[in-house]
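# Report on the structure
Letter by letter, the chains look like this.
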Amino acid sequence: MKCPKCKGKMHAEKLYDFVRAFDAWKCFCCGEIIDSTIVSNRARNASLHLG
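Residues numbered from 1 in each chain as written. Predicted model: local features only at pLDDT ≥ 70, side-chain atom pairs only at ≥ 80, totals over all residues. Heavy atoms only, no water.

Looking now at the pattern of salt bridges. Following the criterion strictly, the structure yields 3 salt bridges and no others. The residue Asp17 makes a salt bridge to Arg20 at a minimum N-O spacing of 4.0 Å. On the accessibility criterion, Asp17 (37% relative accessible area) is partly exposed. Look at Arg20 and you get partly exposed, because its relative accessible area is 44%. Note that Arg42 and Glu32 form a salt bridge whose closest N and O atoms lie 2.8 Å from each other. (Salt bridge = Lys/Arg side-chain N within 4 Å of Asp/Glu carboxyl O. Buried < 20%, exposed > 50% of the residue type's maximum accessible area, 1.4 Å probe, protein only.)

This is the structure:
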């Protein structure tokens, strides 16, 4: 998978918050983290029209 920010290589990683563990993708180069929540929020924001 390529990073949407820098086009670098991403790897799968298990991350943890205070309540749960979740799977995400993390970029080797810039540290960008992508998970299913981030993807859905970005898709929703991209479909919003201003004005």
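This brings us to unusual backbone geometry. One non-glycine residue, Lys7, lies in positive phi territory at about 70 degrees. Following the sequence through the fold, Lys7 ends up in the segment before strand S1 (10–16). On the accessibility criterion, Lys7 (57% relative accessible area) is exposed. (Helix = DSSP H or I, 4+ residues; strand = E, 2+ residues; numbered from the N terminus.)

Along the chain, Asp35 falls in the loop between strand S3 (33–34) and helix H1 (36–47). Buried and unpaired, Asp35 has Arg20 as its nearest opposite-charge partner, separated by 5.2 Å. At 3.3 Å, the side chain of Asp35 and the backbone nitrogen of Thr37 are in polar contact. Within polar-contact distance, the side chain of Asp35 engages the backbone nitrogen of Ile38 at 2.9 Å. (Lys, Arg positive; Asp, Glu negative; His and termini not counted. Polar contact = N/O pair within 3.5 Å; in protein donor to acceptor, adjacent residues only side chain to side chain.)

Inspection of the sheet shows S1 paired to strand S2 (residues 21–27) by 7 bridges, in the antiparallel sense. Paired with Ala12 across the bridge in S2 is Trp25. (Pairing = 2+ DSSP bridges.)

Next up on the list: the state of the cysteines. A complete count under the given rule lists 0 disulfides for this structure. Considering cysteine sulfurs only, Cys30 is the nearest to Cys3, which forms no disulfide, with 3.7 Å between them. Cys27 forms no disulfide, and the closest cysteine sulfur to it belongs to Cys6, at a distance of 3.5 Å. (Disulfide = S-S within 2.5 Å.)

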